[in-house]
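Breakdown of the fold
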Amino acid sequence: QQKVQQSPESLIVPEGGMASLNCTFSDRNSQYFWWYRQHSGEGPKALMSIFSNGDKKEGRFTAHLNKASLYVSLHIKDSQPSDSALYFCAVRRNTGGADRLTFGKGTQLIIQP
Amino acid sequence: GGIITQTPKFLIGQEGQKLTLKCQQNFNHDTMYWYRQDSGKGLRLIYYSITENDLQKGDLSEGYDASREKKSSFSLTVTSAQKNEMAVFLCASSPGQYAEQFFGPGTRLTVL
């Protein structure tokens, strides 16, 4: 069964700094990966997806994927207080039909003004 | 844009009670999901439905029933509430494979 592990559990970054969040997965056949963000009291919201090895940049957010190393990461440049949230890595299962995602336990990011 | 509405926002029940959580979406999405979020454990899939009247079990379906009578609504029933299942229950919908899942704000369940 797919295992998705995130590190660190919590991270404090000064405003304007770079936040780096890590995620490892166990199924070598995994092909599609998501990063979701959840602000307190709200449901998670998708930030970005990645399915090719390498980097994908969307604004201040860059996702990196290395399937051979079973590793995906998210980097947030010029961090803002509004980036303070719980970040989840999610991996799509190759089951056909509807998307079934396996979520990690999350990284709590705190941006200090 | 669309929205996902979950009712109630807070649900308090007694141990052993049958409780129902409701979810409505106006995205016109085919697929809907129910997740449970425990503190420190991420999101775990309870049930999902790829179309009206379809139901598929997730990883955590024991102790729950679900119902998808209309495309826009998906209900979850806790068949016998237990104190160890106090959590936030999240509903989501998606237009199809490889697409973003859109989440509602959640229902927080407390069992006394």
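**Section: the overall build of chain A**
- Looking only at helices and strands, one finds zero helices and 11 strands in chain A.
- Its helices and strands taken in sequence order, chain A reads β-β-β-β-β-β-β-β-β-β-β from the N to the C terminus.
- Against the compact-globule benchmark of 13 Å for 113 residues, chain A has a radius of gyration of 14 Å, which places it among compact chains.
- For chain A, the spread of C-alpha atoms along the principal axes amounts to about 45 × 30 × 20 Å.
- Counted over contacts in chain A with a minimum sequence separation of 6, partners at least 24 positions apart contribute 53%.
- Of the roughly 5,400 Å² of accessible surface on chain A, a fraction of 48% belongs to carbon and sulfur atoms.
- The positive charge centre, built from 13 side chains, and the negative charge centre, built from 9, are 8 Å apart in chain A.

**Here's the deal with the side chain of A:R37**
All names here are of chain A.
- Turning to its location among the elements, R37 is positioned in strand β4 (residues 33-38).
- Among the polar contacts made by the side chain of R37, one reaches the side chain of D83 at a distance of 3.0 Å.
- The residues contacting R37, other than those within four sequence positions of it, are G43, P44, K45, L47, F61, S82, D83, A85, L86 and Y87.

**Examining the side chain of A:R93**
- Within the secondary structure, A:R93 is located in the loop between β9 (85-92) and β10 (101-103).
- Ignoring anything within four residues of it in the chain, the contact list for A:R93 reads A:R100, A:L101, A:T102 and B:D59.

**Concerning the interface of chain B and chain A**
- Counting from both sides, the interface comprises 25 residues of chain B and, opposite them, 22 residues of chain A.
- Regarding the contact of chain B and chain A, the summed buried area is about 1,800 Å², with carbon and sulfur atoms giving 51% of it.
- Taken together, chain B and chain A are joined by two salt bridges.
- Close ionic contact of B:D59 with A:R100 constitutes a salt bridge, the shortest N to O distance being 3.2 Å.
- For the interface between chain B and chain A, the tally reads eight residue pairs in polar contact (both at pLDDT 80 or more).
- Elements represented by at least two residues in the side of chain B that touches chain A include exactly β4 (31-37) and β5 (43-49) of chain B.
- Looking at the side of chain B that touches chain A, the element that brings in the most residues is β4(B), giving four residues.
- Across the side of chain B that touches chain A, the residue classes tally to 11 nonpolar, nine polar and five charged.

**A word on the state of the cysteines**
- What the rule picks out here adds up to two disulfides over all chains.
- Between the sulfur atoms of A:C23 and its disulfide mate A:C89 the distance is 2.1 Å. Disulfide A:C23-A:C89: torsion about the S-S bond near -65 degrees, hence left-handed. Of the two residues, A:C23 is situated in strand β3 (residues 19-25) and A:C89 in strand β9; the sequence distance between them amounts to 66 residues. For the residue pair A:C23 and A:C89, the accessibility class agrees, reading buried in each case.
- One disulfide in the model links B:C23 with B:C91; its S-S distance is 1.9 Å. Of note, the bridge from B:C23 to B:C91 carries an S-S torsion of about -75 degrees and is left-handed in sense. Taken together, the residues B:C23 in strand β3 (residues 19-25) and B:C91 in strand β9 (residues 87-94) connect sequence positions 68 residues apart.
- Residue B:C91 is classed as buried on the basis of its relative accessible area of 0%.

Rules used in this analysis
Residues numbered from 1 in each chain as written. Chains lettered and ligands numbered in written order. Predicted model: local features only at pLDDT ≥ 70, side-chain atom pairs only at ≥ 80, totals over all residues. Heavy atoms only, no water. Helix = DSSP H or I, 4+ residues; strand = E, 2+ residues; numbered from the N terminus. Rg over C-alpha atoms; globule rule 2.2 N^0.38 Å. Contact = heavy atoms within 4.5 Å. Areas by Shrake-Rupley, 256 points an atom, 1.4 Å probe, with all protein chains shown as cover. Lys, Arg positive; Asp, Glu negative; His and termini not counted. Charge placed at Lys NZ, Arg CZ, Asp CG, Glu CD. Polar contact = N/O pair within 3.5 Å; in protein donor to acceptor, adjacent residues only side chain to side chain. Buried area = accessible area lost by both parts, 1.4 Å probe. Salt bridge = Lys/Arg side-chain N within 4 Å of Asp/Glu carboxyl O. Nonpolar A, V, L, I, M, F, W, Y, C, P; charged D, E, K, R; others polar. Disulfide = S-S within 2.5 Å. Buried < 20%, exposed > 50% of the residue type's maximum accessible area, 1.4 Å probe, protein only.

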